[in-house]
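Overview (structure and organization)
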Amino acid sequence: MSLTGWLQAALVFGALLALTKPLGSYMFAVFTGRRTRLSPVLAPVEAAIYRLGGVGVDDEMSWQRYTFAMLAFSAISFFYLFVLLLVQGWLPLNPQHFPNLSPGLAWNTAISFLTNTNWQFYAGESTLSYLSQMAGLAWHNFVSAGVGIAIAIAVVRGITAKTATTLGSFWVDLTRACLYVLLPISAALAIVYVAQGIPQNFTPYRTVATISGGRQTITGGPMASQEAIKDLGTNGGGFVNANSASPNENPTPLTNVLEVLSILLIGASLTYTYGKMAGDTGQGWALFAAMSVLFVIGFGVMYHAEAAGNPLLHHLGVRGGNMVGKESRFGIAGSALFDEASTATSCGAVNAMLDSFMPLGGLVAMVNLQLGEVVFGGVGSGLYGMLEFVVLTVFIAGLMVGRTPELLGKKIERREVQLALLAFLVTPLMVLVPTAIAVLIPAGTATLGNSGPHGFSEILYAFTSANANNGSAFAGLGDNRFFNISTGIVMFFGRFFMAIPLLALAGSLAEKKKVVAGRGTFSTSSTTFVVLLIGTILIVGALTFLPVDALGPIADHYLLHSGRTF
Amino acid sequence: MPHRRSSAQHSQVRPLFEYAIVRRAFLDAFAKLDPRVQLRNPVMFVVAVGALLTTAFWLRDFFTHGGAVGFDFAIAAWLWFTVLFANFAEAVAEGRGKAQAEHLRRTKSDTIARRRTPDGAIEEISASRLRRGDVVVVDAGEIVPGDGDIVEGAATIDESAITGESAPVVREAGGDRSAVTGGTRVLSDSIVVRIATNPGESFLDRMIALVEGAQRQKTPNEIALSILLSALTIVFVLVVATLSPFLSFTGTHASTVVLVALLVCLIPTTIGGLLSAIGIAGMDRVMQRNVLATSGRAVEASGDVDTLLLDKTGTITLGNRQASEILVAPGCDAEAARLAALLSSLSDETPEGRSLITLARSLLGEASENIPEGSTFVPFSAYTRMSGVDLPDGRKIRKGAPDSVVTWCKEFGPGRNPLAGEVERVARRGETPLLLAVDGEIVALIALKDILKPMMSERFARLRAMGIRTVMITGDNPLTAAAIAKEAGVDDFLAEATPEAKMNLIKREQSAGRLVAMTGDGTNDAPALAQADVGVAMNSGTQAAKEAANMIDLDSDPTKLIEVVEIGKQLLMTRGALTTFSIANDVAKYFAILPALFISSYPAMAALNIMHLATPQSAILSAIIFNALIIIALIPLAIRGVRYEPRGAAVALRTNVLIYGLGGVIVPFVGIKAIDLLLQALHLAG
């Protein structure tokens, strides 16, 4: 590890800290219908969209209606992309003349982008037309992020409501999230990216002769615009297969830092929005603090593991850290920072090959996913995932002060515990069971690139990533019909069976009377609470996943140190 | 009427493990192996299924001479112990509750009731057959056959069987003291009682049901916690069930017995096994303080109370006032006036009267012995609102409320009151003025002062530390109320309180999001008692008040509410503490079992065996034994509740997290290692 490596991390973190409050306040204004600086330009557009869609701005929805609107919108979006991918070969903007996708791959890709996962069983530059990329994937990059933010805002409204039966309007929240938050920031980022050299064109790929005499195909396409929302919306689906490791997507250390920052930006800022909506910014900072601690621990372990390098190579006299699968322009710190950010959030973009990380570096990535993507997390989903843990922590800890546990004055009772646990059960169910099925049937192990614990890690990582809607992969696992379908199902459950119970929880909390806080109520913005929240997340996560992780990366680690590789 | 004050001295403090209870619990632990009983507790049900499974594997290995017979046997045996220990914990708590209930039920032993039929005839039937609305006649020396209201007559009643208080109380038809409780004994006179409850529905019946496991309804918080425990159990079932294919993928095989052992170690058996014992013991603690709760929900809710409404009289101040001053009217002989005050009170048995005697004697000194022979005492009556004495020389002395005395004086003459100004001044000071008159001439004013109960301000400070606001309710004027409130140290007061004002106060507090508790005894308290989140009715109160309340204090001690609040808080804290402890324990258990499980396929994983447990078998067995013994070790904590101190939430949370969270991580490391060493020393595990 080096000082400059840590300085780079500190720089990104400092910038994140500085941006959290202004962006958080801005989002608070946007979602509570206040005027913002962008209103003069965007309000007429917003009004036009509502007129077009026949949406009333004040059409408040119960949690059931909100959920139904969200599901209906998702269903239509899904079929739109599914069909587009099935017929892309017959449509324009396809200079490379790519054929239609197979139904299995189209299903997997459509679910993947619908759920903000962006798991990629395809290589973008050799499979998808520009139309599919822009009108299909980029559309989902925006709206899946928008849906995530809308759900988070609705959940927060439920928790912070005085006494209400509604959570707001899904259509209004979705429109505002895309129009006021995602589009302007993406546009600004895309311009910077173009300036830094990321392509933005519709020209066919060029084949050129290299100096060394070989021939190389240089891909093109509308990459800069896609890159911006890929990170900002924690989508992570790269325009090209190599994702942010490719010089086309991430050419310079500056773009690397900007991409890391934009991955974390909305997830972090939403904590402040939560605090503002709760009428106590301390509430938001408490979540920010818990997330930050987990982030720094994760980065520290990953950076340390990679910087320490491979003991087997050290025996051969090769000094230094593990640079296998990393880009030399980012180095170990830049890679660890990017991949910690990308796995802690549900982004899943990578600028280095996770499969080639040291076992412990890979373990950190996997643990980030297993904790439920609550370390800043996916846009929106990170916040509501964290709030699920807050409810559970408040319930257990609240008992210890001798009162029926309360969150922001709302009593956490049977129904709330039930719903939070329903959301909580999705992760073990959707990771462990499919992984067990995969190792039991031939189709599950047929496409493995490695054997032993490392091969096991590849399967485990695939389902963990799908469930967490992350999308990053331990490369080495190829697609087949089994994985196309099973990861698709897991992604679907990981997204919606997490969101629906939380919307129901919000609906239930909204209706409750707010109890005033006294000396007997314990504070959810205190240091003690932050420590407890971190403890709950770590212990609950560890208890669920320690055995499988022990068979995967941990075994890998000990075996590596005893001289065995796979 | 005599005011009864009683408190903890009547509550029975039972030793933690009473021989008779333990012996019964020992047998009950086996009886509770009934699958229908086990199904009530999902966590322990999983353990029981695991125990059955391992027993089956042991038997198979025993007859086929395969596998690790000794190890399988040890695991199976300890799993059965785990189930039995949890059963035992519940049985002990139930036994204590039942013993307490027996104590109360003895008073319910079948009595003969004399029921009045519609045509006026009297028939004798068993008290257990009385239904709501039946009218019974109870004479002196008889036992009241059931809860009800006196509709005719008045009587002195010995309630010691229920309250432990030996002083008899007066109950009379009409008014706020008409309620009688089944099992109490009529000492004098004859009363007619309308029965208010059907068989099996009396407060006592309901309370007994709360401590007997079979009929016990789980409280809301207990249900929420059970759901959490069940969810954790499901997670661990998933973890362990999927481990088998994962292990075979990596070329290892783990026996089902080992996997069951791992599962049982991981699921929250500590809290799962003790959860119902905690709830039962909580009810039992309430009952030991002579409070009958109609539901566990009420006790739980009392832990959440934010605002406590307390009646001034009887709660904050002694129900009776004390004479503090004798003001002699201008122109009257001071000694004669004082002597008159003394004489007027000689027959007055009320504490006010006695305090006046004490005061007059101390002022008179020697002169107080001049009591004329042959005086006729006039007792206090609600009609005249005066008491006094007719002396043998014909002089009449009267003492009473100012307006009554003035009216009496008017029978003799003009009825001029030379002390009218003083009466008003004393009243404004927060004291009660009485006038003393001799033959129609007002001679002195006696000031009665409210006396605060001892230790009240400490109690209010304790409540404040818990985060509970106290509001004093009084009929006094605001000035007086403010003076007393300040002296007593309550946070707020409601002066000149009417039942409506009281009701509005409760509603206001509730709409501000506060949980309100109150005590009451009168019929006009009933709506407020019903409106309050926690209402405690005094046993001396009316049936209406009792029906509206969720708790009844048999000692009729309004400050008891404070203890109930503490029990409610303690109940929740105990659950939270043991849940945290139980979950935190799993960290050490993983470090014991996982290396043991994986070591055969990955010898390098021995590095995870940070406790250096001797062998894989010993590691697994040690974890299972620790898991079973910790239940027994924590029974006293479950039954007594965690140590409770009134303090802010932040401090309570920090302390409990340190003790039960951090302690929960550390204790099993020590315990499992110790058991492992012991097993090695005794050569009990391979």
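Structural data are supplied above this passage.
Residues numbered from 1 in each chain as written. Chains lettered and ligands numbered in written order. Predicted model: local features only at pLDDT ≥ 70, side-chain atom pairs only at ≥ 80, totals over all residues. Heavy atoms only, no water.

Things to note about the state of the cysteines
Scanning the model with the defined rule gives zero disulfides over all chains in all. For the unlinked cysteine Cys332 of chain B, the closest cysteine sulfur is that of Cys409 of chain B, found at 11 Å. (Disulfide = S-S within 2.5 Å.)

Points about the sheet that holds strand β22 (residues 551-553) of chain B
Residue and element names in this part refer to chain B. If you walk across this open sheet you meet the seven strands as β10-β22-β21-β20-β11-β18-β19, and the pairing is mixed. Only two strands of the sheet have a single neighbouring strand rather than two, namely β10 (291-293) and β19 (492-494). Strand-to-strand twist across the sheet, computed as the mean angle between neighbouring axes with direction ignored, equals 20°. Note: strand β11 (residues 307-311) against strand β20 (residues 516-520), three bridges, orientation parallel. Its bridge partner being in β20, Leu308 is matched across the sheet by Ala517. Strands in contact with helix α16 (residues 478-488) are β18 (469-473) and β19; relative to β19, the strand with the most contacts, it is inclined by about 150°. (Pairing = 2+ DSSP bridges. Helix = DSSP H or I, 4+ residues; strand = E, 2+ residues; numbered from the N terminus. Axes fitted to C-alpha atoms, helices over the stretch in contact; angles between N-to-C directions. Contact = heavy atoms within 4.5 Å.)

A closer look at helix α9 (residues 253-278) of chain A
Residue and element names in this part refer to chain A. With 26 residues, α9 ought to run about 38 Å at 1.5 Å a step, and its terminal C-alpha atoms sit 38 Å apart, in line with that. When the local axis directions of α9 are compared, the greatest deviation, roughly 40°, occurs at Leu265. Most of α9 is tucked away, with 22 of its 26 residues classed as buried. Positive phi shows up at Gly279, right after α9, with a value of about 75°. (Expected span 1.5 Å × (residues − 1). Bend = angle between axes of the 7 residues up to and from the residue. Buried < 20%, exposed > 50% of the residue type's maximum accessible area, 1.4 Å probe, protein only.)

As for the packing of aromatic side chains
Residues and elements named next belong to chain A. Summed over all chains, the structure comprises 36 aromatic pairs over all chains. Judged by centre distance (4.5 Å) and plane angle (25°), the ring pair of Phe493 and Phe497 falls under stacked. With Phe493 and Phe497 both in helix α18 (residues 481-510) and four residues apart, the pair spans about one turn of that helix. Exposure remark for Phe493: the relative accessible area of 27% places this residue in the partly exposed category. In this structure, Lys326 packs its charged tip against the face of Phe357, placed 4.2 Å from the ring centre. (Phe/Tyr/Trp six-rings, centres within 6.5 Å; stacked < 30°, edge-to-face > 60°. Lys NZ or Arg CZ within 6 Å of the ring centre and 35° of its normal.)

Let's talk about the interface of chain B and chain A
With 59 residues of chain B at the contact, the number on the chain A side is 56 residues. Interface of chain B and chain A: buried area, both sides summed, is about 5,000 Å²; carbon and sulfur atoms make up 78% of it. Three residues, Phe246, Phe249 and Leu653 of chain B, lead the burial of chain B against chain A; their summed loss comes to 14% of the area buried on that side. There are two salt bridges connecting chain B and chain A. Across the pair Asp304 of chain B and Lys411 of chain A runs a salt bridge whose closest N-O atoms are separated by 3.6 Å. For the pair chain B and chain A, the interface holds six residue pairs in polar contact (both at pLDDT 80 or more). Contributing elements (two or more residues each) for the side of chain B that touches chain A: α7 (220-249), α15 (456-466), α20 (560-598) and α22 (649-681) of chain B. (Buried area = accessible area lost by both parts, 1.4 Å probe. Salt bridge = Lys/Arg side-chain N within 4 Å of Asp/Glu carboxyl O. Polar contact = N/O pair within 3.5 Å; in protein donor to acceptor, adjacent residues only side chain to side chain.)

Things to note about the pairing of strand β2 (residues 215-218) of chain A
Judged from the four bridges that link them, strand β1 (residues 206-209) of chain A and β2 of chain A form a sheet pairing that is antiparallel. Of the residues in β2 of chain A, the one forming a bridge with Ala209 of chain A is Arg215 of chain A.

Overview of the sheet that holds strand β5 (residues 154-158) of chain B
All names here are of chain B. Read across the sheet, three strands follow the order β6-β5-β8 without closing on themselves; strand pairing throughout is antiparallel. Unpaired on one side and paired on the other, β6 (169-172) and β8 (185-188) mark the two borders of the sheet. Between one strand axis and the next, the sheet turns by 45° as a mean value, whatever way the strands run. Pairing of β5 with β8 involves three bridges; the strand directions are antiparallel. Pairing of Thr156 across the sheet is with Ser188, part of β8.

Quick look at the nonpolar core
In terms of nonpolar packing, the biggest core is built from 310 residues, with Phe170 and Ile266 of chain A touching the most fellow members. Element by element, the count of residues in this core is highest for α20 of chain B, at 19 residues. Non-local contacts of Phe170 of chain A, meaning those with residues more than four positions away in its chain, are made with Met61, Tyr66, Ala69, Met70, Phe73, Val147 and Ala150 of chain A. (Core = buried A, V, L, I, M, F, W, Y, C linked by side-chain atoms within 4.5 Å.)

A short note on unusual backbone geometry
Residues and elements named next belong to chain A. One non-glycine residue, His97, lies in positive phi territory at about 55°. Mapped onto the elements, His97 comes out in the loop between α3 (63-87) and α4 (103-114). One non-glycine residue with positive phi stands out, namely Asn116, at about 65°. For Asn116, a relative accessible area of 1% puts it in the buried group.

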